[in-house]
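Each chain, written out:
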Amino acid sequence: MEIEKLDYWDSVKLLAKEANIEIEKYQNDQFVGKNSFSEKEKIKLINKRAQEYFTANLKESKLPLDYLHNDRKLTDNIISSF
């Protein structure tokens with residue numbers, strides 16, 4: 001629905017509304033629907049998952065830690081804080 005500048009879920013909702021189909025009871029995705037998460041909560045969740053991802057990757061490889069310690073002169077305490 002590029003003309004209306006709608007994303008996929010908003011397009012589905014619009015088409016369902018036009019066809020008089022109630023889709024709210026079929027939605028089980030946490031990001032679908034207005035009642036599930038506010039925009040701020042979505043951003044917090046995305047940031048938390050990104051932090052978990054990068055923390056896990058940082059622990060798996062020696063190269064990033066070497067860069068942070070040697071080139072950026074960061075301590076373990078500073079690295080874990082950020």
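Residues numbered from 1 in each chain as written. Predicted model: local features only at pLDDT ≥ 70, side-chain atom pairs only at ≥ 80, totals over all residues. Heavy atoms only, no water.

Asks: Run through the overall build of the protein, naming residues and quoting values.
Replies: Summing up its helical and strand segments, the protein has four helices and zero strands in all. In sequence order, the secondary structure elements of the protein are arranged as α-α-α-α. The proportion of buried residues among the 82 residues of the protein is 10%. Accessible surface, the protein: about 7,500 Å² in total, of which carbon and sulfur atoms supply 56%. (Helix = DSSP H or I, 4+ residues; strand = E, 2+ residues; numbered from the N terminus. Buried < 20%, exposed > 50% of the residue type's maximum accessible area, 1.4 Å probe, protein only. Areas by Shrake-Rupley, 256 points an atom, 1.4 Å probe, with all protein chains shown as cover.)

Asks: So what's going on with the confidence of the model for the protein? Which residues, and what values?
Replies: On average, the protein scores 80 in pLDDT, and the residues at 70 or more come to 79%. Element-level pLDDT for the protein is lowest in helix H1 (residues 8-18), with a mean of 83, against a maximum mean of 90 in helix H3 (residues 62-71). (pLDDT = per-residue confidence, 0-100.)

Asks: Tell me what's going on with unusual backbone geometry, and back it up with residues and numbers.
Replies: As a rule of thumb, non-glycine residues mostly have phi less than zero, and peptide bonds are mostly trans rather than cis. Phi at Asn20 is positive, roughly 55°, even though this residue is not glycine. You can see Asn20 is positioned in the loop between H1 and helix H2 (39-60). In this structure, Lys73 takes a positive phi of about 60° despite not being glycine. Its location among the elements puts Lys73 in the loop between H3 and helix H4 (76-81).

Asks: Can you tell me about the pattern of salt bridges, naming the residues and giving the values?
Replies: In this structure the tally under the stated criterion is two salt bridges. For the salt bridge of Lys48 with Glu52, the shortest nitrogen-to-oxygen distance reads 3.1 Å. Of this pair, Lys48 and Glu52 both sit in helix H2, separated by four residues, roughly a single helical turn. Residue classification places Lys48 among the partly exposed residues on the basis of a relative accessible area of 47%. Residue classification places Glu52 among the partly exposed residues on the basis of a relative accessible area of 39%. (Salt bridge = Lys/Arg side-chain N within 4 Å of Asp/Glu carboxyl O.)

Asks: Could you give an account of the packing of aromatic side chains, naming the residues involved and the relevant values?
Replies: Counted under the stated rule, the structure contains one aromatic pair. Ring centres 5.1 Å apart and planes at 75° place the aromatic pair Tyr53 and Phe54 in the edge-to-face group. (Phe/Tyr/Trp six-rings, centres within 6.5 Å; stacked < 30°, edge-to-face > 60°.)

Asks: If you had to explain the environment of Ile23 to someone new, which residues and values would you point to?
Replies: As for its position among the elements, Ile23 is in the loop between H1 and H2. Once residues lying within four places of it in the same chain are set aside, the contact partners of Ile23 are Val12, Lys13 and Ala16. (Contact = heavy atoms within 4.5 Å.)

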